[in-house]
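# Chains, contacts and geometry: an overview
This is what each chain is made of:
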Amino acid sequence: MKVKEIKGNMDGVSTVLRVVQVLPPRTVKTKKGEEITIKELIAGDETGKIKIVLWENFGEIKQGDVIKLENCWTTVFKNEIELNAGKKSRVIVINDNTVPQIEQIPDVMQNDGEYRIPLKKK
């Protein structure tokens, strides 16, 4: 599945993306009131970028890696679509030269089912 095909509130999403950016880990409180540490990534393909939230430890993932995500789900948070990976998901680093390099990935984020070009900071 390509980034442009990913919509909010989907289940069973599988895709292959290149990691553009690894954000610092942060602690969040779950609906059950538990505090857990999550890792967030920005990744993309030739159609755009999407934020990925890793709710489990899937090992070391770094900028430039190509990752295969299986059985993930999407949510919409602050009008931005997020691809989530948890206990039932699989995330592995693979060798795939068909996924565009970072500089070839369009600077377009998937927002609430529509493409939006991010505003440039002045």
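Treat the numbers as computed from the prediction; the structure is a model and nothing was measured.

How each quantity is defined
- Residues numbered from 1 in each chain as written.
- Predicted model: local features only at pLDDT ≥ 70, side-chain atom pairs only at ≥ 80, totals over all residues.
- Heavy atoms only, no water.
- Helix = DSSP H or I, 4+ residues; strand = E, 2+ residues; numbered from the N terminus.
- Rg over C-alpha atoms; globule rule 2.2 N^0.38 Å.
- Buried < 20%, exposed > 50% of the residue type's maximum accessible area, 1.4 Å probe, protein only.
- Contact = heavy atoms within 4.5 Å.
- Areas by Shrake-Rupley, 256 points an atom, 1.4 Å probe, with all protein chains shown as cover.
- Lys, Arg positive; Asp, Glu negative; His and termini not counted.
- Charge placed at Lys NZ, Arg CZ, Asp CG, Glu CD.
- Polar contact = N/O pair within 3.5 Å; in protein donor to acceptor, adjacent residues only side chain to side chain.

## Digging into the overall build of the protein chain
A count of helical and extended segments in the protein chain gives 0 helices and 9 strands. Reading the secondary structure of the protein chain in the N-to-C direction produces β-β-β-β-β-β-β-β-β. In summary, the protein chain has a C-alpha radius of gyration of 14 Å against a globular reference of 14 Å for 122 residues, a match within 12%. Projecting the C-alpha coordinates of the protein chain onto the three principal axes gives extents of approximately 40 × 35 × 30 Å. Taking all 122 residues of the protein chain together, the buried fraction comes to 39%. Within the protein chain, residue pairs in contact and separated by at least 24 positions form 64% of the contacts whose partners lie at least 6 positions apart. Counting every atom, the protein chain has about 7500 Å² of accessible surface; 49% of that belongs to carbon and sulfur. Averaging the locations of the 21 positively and 18 negatively charged side chains of the protein chain gives two centres separated by 3 Å.

## Things to note about unusual backbone geometry
Unlike most non-glycine residues, Asn9 shows phi in positive territory, near 60 degrees. Following the sequence through the fold, Asn9 ends up in the segment before strand E1 (13–22). The backbone of Asn79 sits at a positive phi, close to 65 degrees, despite the residue not being glycine. Within the secondary structure, Asn79 is located in the loop between strand E5 (66–77) and strand E6 (80–85). According to the relative accessible area criterion, Asn79 is partly exposed, its value standing at 34%.

## As for the side chain of Asn84
Within the fold, Asn84 resides in strand E6. Residue Asn84 is classed as buried on the basis of its relative accessible area of 2%. Looking at Asn84, its side chain comes within polar contact range of the side chain of Thr75, at 3.1 Å. A distance of 3.3 Å separates the side chain of Asn84 from the backbone oxygen of Glu82, its partner in a polar contact.

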